[in-house]
Amino acid sequence: MEIREQFLVDGKLSVTNLSRFVFTRKNFSDVVLNNSVLEKNHKSHQVLMRLIEKGTPIYGVTTGFGDSCTKYVDQKSALQLQKNLIQYLSCGQGDLISIEASRAMFMVRLNSLCQGISAVSKELLQHMSLLLSHDIVPAVPQEGSLGASGDLVPLAYLGQVVQGYGQCFYKGELVDAETVYKKLNIQPYVLQPKEGLALVNGTSTMAGVMLVNLKLTQHLLYLSEVATAWQCLVLNGKREAFGRFINEIAKTNPGQGSVAKNISRYLDEENYFPQRGQDVQVGEQVTNGYVQDRYSIRCVPQILGPIVENLQHSWKSLEHEINSVTDNPVVDYEGNLEMGGNFYGGYLCQSMDFTKINLAHMADLIDRQVMMLVDDKSNRGLPANLVDVDNIPVNERNMHHGLKGVHQTVSAMTSEIIQKSIPSGIFSRSSESHNQDKVSLGMSAATSCNEMLKGMYKISAMQLVCLAQAIDLKKIKLSGSESKKIYASIRSYVPFVNRDMSLGKQIFELAESLKFQALYEQKDSSI
């Protein structure tokens, strides 16, 4: 019998453990709460209830929301107010965020409330942990969040499912929450004062999408390092640009050094030690070889190095965010109400905006490297468009165009990807009667980043197809374990192109496979 571990929630959640819960959910059984968490929340909830009984005007509890905060709501209507909040915010549009992002969102929201200062009841936390134990996660439209006051509209769909209505994912299927509740004999939860606000007033949805985005970007970075090593291999490139002196002594940025070291390792595994640039000979005023390579090979450590460091910073920002209290108001340890703006998703927005810029650079690099491969003026002896000319009759060769269409698609999609890289946060709009007069747009940054990643995996797949074609044309037998694994993955979807053939479906399936590997098979090395 398979033994599964419990997942303990105590307000201290690493991104590594969040990632484990989200992407290896089957390894966990119940979601359990630390007893001290329940005690802390009970105390802050009691403080809130006493303030309500005194008739204290409490934002979002006995007052209206946002610009309506001057309108007092009688304590007898406090429960209905929370229900109304979820109802009027449930107007999201667009595609649903992924199941993985929703699962992360739910866990992050629970972990935030477990800090013990949001004044929610222990019964709410227990109900949320019960739903997560059954892997019931809300179906969340991705459009509608300003990123301050947090992800109000997306998180309203969590509020629906907590109350037993709306749509949710259960065992991977999109179903009505009411149906699941009846099947599992779960009683719908009645929101207590402030609990609707505590559920929606936070950055948990953008955090969930960001987790998925960072894992996908991390794997693209790895694929780009491998692709650069292969590019050097098939084009007889130089290795000095990846050496220790250039990347650790002459310049000391750790990201650059890491990229160079990885590329060097992949080349070592292929036993590739070409002639150094300084050893190239001169005859009749012309060298008999290249002394150095184009920037899209030679400068890859400098191109990808900043991306490595930006990713590391983004992981740290995410870990801070998922362990923060991001709703408002909160109760301090002396029993005072504190009001602020921790729901403002500025850190996550900037992380996602930087990631978008990083992806634009990676897309441009892929396009340049593919151009160099297919163009017989730069591919150093490979056939134009990587056509298998040796096995095509001479009178038919001019009819075949190999991977020309693949490169055209890469160029077109690269342009589209770069168009989407404009930072989202700079488009802040004043909203909600100018109460929310400066917003983060963190969710917009996260969702547009996710859109870019869909295209990135397609052009990365096409680059790998071109490189595999070049490797086969040069009859190179890969030796490195990681290179062989990636090559085998390519060939399991896309065959060697010995005649002009349609590759659209195969490339799409390869791209989907690469995404699956990124989310479910790769370790989070930079977390």
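A few points on the structure. (Residues numbered from 1 in each chain as written. Predicted model: local features only at pLDDT ≥ 70, side-chain atom pairs only at ≥ 80, totals over all residues. Heavy atoms only, no water.)

What follows covers the overall build of the protein. Helix and strand counts for the protein come out as 18 helices and 11 strands. In the protein, once contacts between residues fewer than 6 apart in sequence are set aside, the share between residues at least 24 apart is 77%. Of the accessible surface of the protein, which amounts to about 23300 Å², a share of 50% is contributed by carbon and sulfur atoms. Here the protein contributes 51 positively and 53 negatively charged side chains, and the mean placements of these two sets differ by 2 Å. (Helix = DSSP H or I, 4+ residues; strand = E, 2+ residues; numbered from the N terminus. Contact = heavy atoms within 4.5 Å. Areas by Shrake-Rupley, 256 points an atom, 1.4 Å probe, with all protein chains shown as cover. Lys, Arg positive; Asp, Glu negative; His and termini not counted. Charge placed at Lys NZ, Arg CZ, Asp CG, Glu CD.)

Assignment of secondary structure puts Thr-62 in the loop between α2 (35–54) and α3 (78–89). One polar contact links the side chain of Thr-62 to the main-chain carbonyl oxygen of Thr-56, over a distance of 3.0 Å. Among residues more than four places away in sequence, those in contact with Thr-62 are Ile-52, Thr-56, Pro-57, Lys-71, Tyr-72, Val-73 and Gln-75. (Polar contact = N/O pair within 3.5 Å; in protein donor to acceptor, adjacent residues only side chain to side chain.)

Before going further, it helps to examine a nonpolar patch on the surface. Judged by side-chain polarity, Phe-245, Ile-246 and Ile-249 come together as a nonpolar surface patch covering roughly 290 Å² of accessible area. Among the structural elements, Ile-246 can be located in helix α10 (residues 244–249). (Patch = residues over 30% accessible without salt bridge, like charges linked within 9 Å, V, L, I, M, F, W, Y side chains within 5 Å. Salt bridge = Lys/Arg side-chain N within 4 Å of Asp/Glu carboxyl O.)

What follows concerns α3. Relative to the 16 Å expected for 12 residues at 1.5 Å per residue, α3 spans 17 Å between its end C-alpha atoms, a close match to the ideal helical length. Where α3 is concerned, the buried positions are Ala-78, Leu-81, Gln-82, Leu-85, Ile-86 and Leu-89. One side of α3 holds all its buried residues, which, seen down the axis, span an arc of 135°. (Expected span 1.5 Å × (residues − 1). Buried < 20%, exposed > 50% of the residue type's maximum accessible area, 1.4 Å probe, protein only. Arc of directions from axis to C-beta.)

Time to look at the packing of helix α9 (residues 204–234) against helix α16 (residues 442–473). Between α9 and α16, the least distance of the axes is 9 Å, while the angle of their chain directions is 20°. Between α9 and α16, the angle falls in the class roughly parallel. Taken as a pair, α9 and α16 cross one another with a handedness that is left-handed. A breakdown of the residues in the contact of α9 with α16 according to their chemical character gives 19 nonpolar, 10 polar and no charged. (Axes fitted to C-alpha atoms, helices over the stretch in contact; angles between N-to-C directions. Parallel < 35°, antiparallel > 145°, perpendicular 65-115°, else oblique. Left-handed = near helix turned anticlockwise from the far one by under 90°. Nonpolar A, V, L, I, M, F, W, Y, C, P; charged D, E, K, R; others polar.)

Taken as a whole and judged by the stated rule, the model has 0 disulfides. This cysteine, Cys-232, is not joined by any disulfide, and Cys-299 carries the nearest cysteine sulfur, 13 Å off. For Cys-232, a relative accessible area of 0% translates into the label buried. (Disulfide = S-S within 2.5 Å.)

Here we come to the sheet that holds strand β6 (residues 167–170). Neighbouring strands of a sheet are bound in pairs by backbone hydrogen bonds; such pairs are parallel or else antiparallel. Within the open sheet, the 3 strands sit side by side as β4-β6-β7. Their pairing is antiparallel. Looking at which strands have only one partner, the edges of the open sheet turn out to be β4 (136–138) and β7 (173–176). For this sheet the average axis-to-axis angle between neighbouring strands, irrespective of direction, equals 40°. Relative to β7, β6 is paired through 4 bridges, and the arrangement is antiparallel. Bridge pairing in β7 places Tyr-170 opposite Glu-173. Across the sheet, helix α6 (residues 152–163) is in contact with β4 and β6; its angle to β4 comes to roughly 140°. (Pairing = 2+ DSSP bridges.)

If you walk through the whole model with that rule in mind, you get 7 aromatic pairs. Seen from their ring centres, Phe-23 and Tyr-520 are 5.8 Å apart, and the 85° between their planes marks the pair as edge-to-face. Taken together, the positions of Phe-23 in helix α1 (residues 15–23) and Tyr-520 in helix α18 (residues 504–520) put the pair 497 residues apart, joining distant regions of the chain. Between Phe-65 and Tyr-88 the ring centres are 6.4 Å apart and the planes differ by 50°, which places this aromatic pair in the tilted class. In this pair, Phe-65 sits in the loop between α2 and α3 while Tyr-88 sits in helix α3, placing the two residues 23 residues apart along the sequence. Relative accessible area serves as the criterion here: at 48%, Tyr-88 is assigned to the partly exposed category. The rings of Phe-7, Phe-21 and Phe-28 are connected pair by pair, giving a single aromatic cluster. Over the ring of Phe-23 we find Lys-215; its NZ or CZ atom is 5.0 Å from the centre of that ring. Over the aromatic face of Tyr-290 sits the side chain of Arg-380, whose NZ or CZ is 4.1 Å from the ring centroid. (Phe/Tyr/Trp six-rings, centres within 6.5 Å; stacked < 30°, edge-to-face > 60°. Lys NZ or Arg CZ within 6 Å of the ring centre and 35° of its normal.)

With that settled, the discussion passes to the pairing of β6. As defined by bridge partners, β4 adjoins β6 across 3 bridges and the pair is classed as antiparallel. From the neighbouring strand, Pro-138 faces β6, where its bridge partner is Cys-168. Turn length for the β6-β7 hairpin, with the two strands adjacent in sequence and antiparallel, is 2 residues, and the turn residue Lys-171 shows positive phi of about 55°.

Note that Lys-505 resides in helix α18. Taking the C-alpha atoms as reference, Lys-505 lies 14 Å from Arg-491; in sequence the two are 14 residues apart.

It is worth spelling out the pattern of salt bridges at this point. Side chains that differ in sign of charge can pair as their charged atoms come close. A complete count under the given rule lists 18 salt bridges for this structure. We note a salt bridge from Arg-20 to Glu-5, for which the minimum N-O separation is 2.8 Å. Residue Arg-20 is found in helix α1, and its partner Glu-5 is found in strand β1 (residues 5–9); the two are separated by 15 residues along the sequence. With a relative accessible area of 33%, Arg-20 lands in the partly exposed category. Residue class for Glu-5 comes out partly exposed when judged on its relative accessible area of 39%. Here Arg-491 makes a salt bridge to Asp-472, at a shortest N to O gap of 2.8 Å. One end of the pair, Arg-491, is in helix α17 (residues 481–491); the other, Asp-472, is in helix α16, and 19 residues separate them in sequence. Members of the salt-bridge network, linked through shared partners, are Arg-25, Arg-103 and Asp-135.

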